[in-house]
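Read off the chains here:
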Amino acid sequence: MLKAPVSLSIVVGGLLLATVLSVVLGVAAAVRRGRLDRVVQATAIVGYAVPSFLMALMLSATLAVELRWLPATGYVPLADSPSGWLQSITLPAVSLAIGAIAATAQQVRGSVIDVLRQDFVRTLRSRGMSERRVLFRHVLRNAAPPALTVLSLQFISLVGGAVVIEKVFGLPGVGSAAVTATVNGDTPLAMGVVVYLVLIVVAVNLLVDLAYGWLNPKVRVR
């Protein structure tokens, strides 16, 4: 079995989950404020404080062992069974994503609040533009760059956290291979894993830079 798809499945799944939920929670906290804002901030602090491996053990003990909703260990390739693949990566991806959601949601909240206070937002509102259009077409686009920076850093954290998560859930991924190579003293394999992970991080940072250029024309190279 190829190990790269296993690691990429849980890392990309965790990143997508973190992106969607952090944007939803951050925007809701910035726009609604009040009690919802306090709840989101408190939840984010707790989620960021709990280590991913501890969250993985808690989720595995409750959802997999006690309730038996999801498998506790193992990996099903996507080509063999899409539903089995989704079930096998759900708990690892959620365990990885919780810390990233906490950090990114706070950044999205702060960025959206800063943009909402800008003069151009008041101008758009005075011209009769709907709040939904102001928020989704103008505010989110201007608030996105700081959130992208945090997400790129969180991706690196997810790649590192996948090493522990794969061992907890018994996944035959790159992280497990790195641990096994380190224990067995297999230097070439360990170095190969490091180079592979570095290339992934470089590719993600390149994509983030391209996204900056699309979101903010000021940073484009003329």
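Structure's up top.
S.K.: Got a sec to walk through a nonpolar patch on the surface? Specific residues and values, please.
M.R.: Where nonpolar side chains cluster on the molecular surface, the patch consists of Phe53, Leu54, Leu57, Met58 and Val164 and spans about 430 Å² of accessible area. The leading source of residues in the nonpolar patch is helix H3 (residues 52–66), at four residues. Looking at the secondary structure, you find Met58 in helix H3.

S.K.: Tell me about the nonpolar core, residues and numbers included.
M.R.: One finds Ile10 and Val11 to be the most contacted residues of the largest nonpolar core, which totals 29 residues. Of all the secondary structure elements, the ones that give two or more residues to this core are helix H1 (4–32), H3, helix H4 (82–116), helix H6 (131–169) and helix H8 (187–215). Among all residues touching Val11, those that are not within four sequence positions of it are Leu96, Phe155, Leu158, Val159 and Ala162. Grouped together as the second largest cluster of nonpolar side chains are 14 residues, Ala30, Val115, Val121 and Val134 included.

S.K.: Please set out the pattern of salt bridges residue by residue, giving values where relevant.
M.R.: According to the stated counting rule, one finds two salt bridges in the structure shown. We note a salt bridge from Arg122 to Asp119, for which the minimum N-O separation is 2.1 Å. Pair noted here: Arg122 and Asp119 are both in helix H5 (residues 119–126), with a separation of three residues, about one helical turn. We classify Arg122 as partly exposed; its relative accessible area is 45%. Put simply, Glu131 and Arg125 hold a salt bridge, and the shortest N to O gap is 3.0 Å.

S.K.: So what about unusual backbone geometry? Which residues, and what values?
M.R.: A positive phi angle, near 60 degrees, is found at Arg68, a position not held by glycine. Its location among the elements puts Arg68 in the loop between H3 and H4.

Rules and cut-offs
The residue numbers shown here count from 1 along each chain, following its written sequence. Restriction of local features to residues with pLDDT of at least 70 applies here, the model being predicted, together with a cutoff of 80 or more for giving and counting side-chain atom pairs; totals for whole chains, interfaces and linings are based on all residues. The basis for every side-chain value is the complete set of heavy atoms in the structure, and neither hydrogens nor water enter the calculation. Excluding any residue in a salt bridge, patches collect residues exceeding 30% relative accessible area, merging like charges within 9 Å and nonpolar Val, Leu, Ile, Met, Phe, Trp and Tyr side chains within 5 Å. Here the Shrake-Rupley method, with its probe set to 1.4 Å, supplies the accessible areas, and only the displayed protein chains count as covering residues. Salt bridge, as used here, is a side-chain nitrogen of Lys or Arg placed within 4 Å of a carboxyl oxygen of Asp or Glu. Each helix is a run of H or I in the DSSP string that is no shorter than four residues. Each strand is a run of E no shorter than two, and both are numbered from the N terminus. By nonpolar core we mean a set of buried residues, namely Ala, Val, Leu, Ile, Met, Phe, Trp, Tyr and Cys, connected to one another through side-chain atoms within 4.5 Å. Exposure is judged per residue with a 1.4 Å probe applied to protein chains only, and the accessible area is read against the type maximum: over 50% gives exposed, under 20% gives buried, and values in between give partly exposed. Should any heavy atoms of two residues lie within 4.5 Å, those residues are considered in contact.

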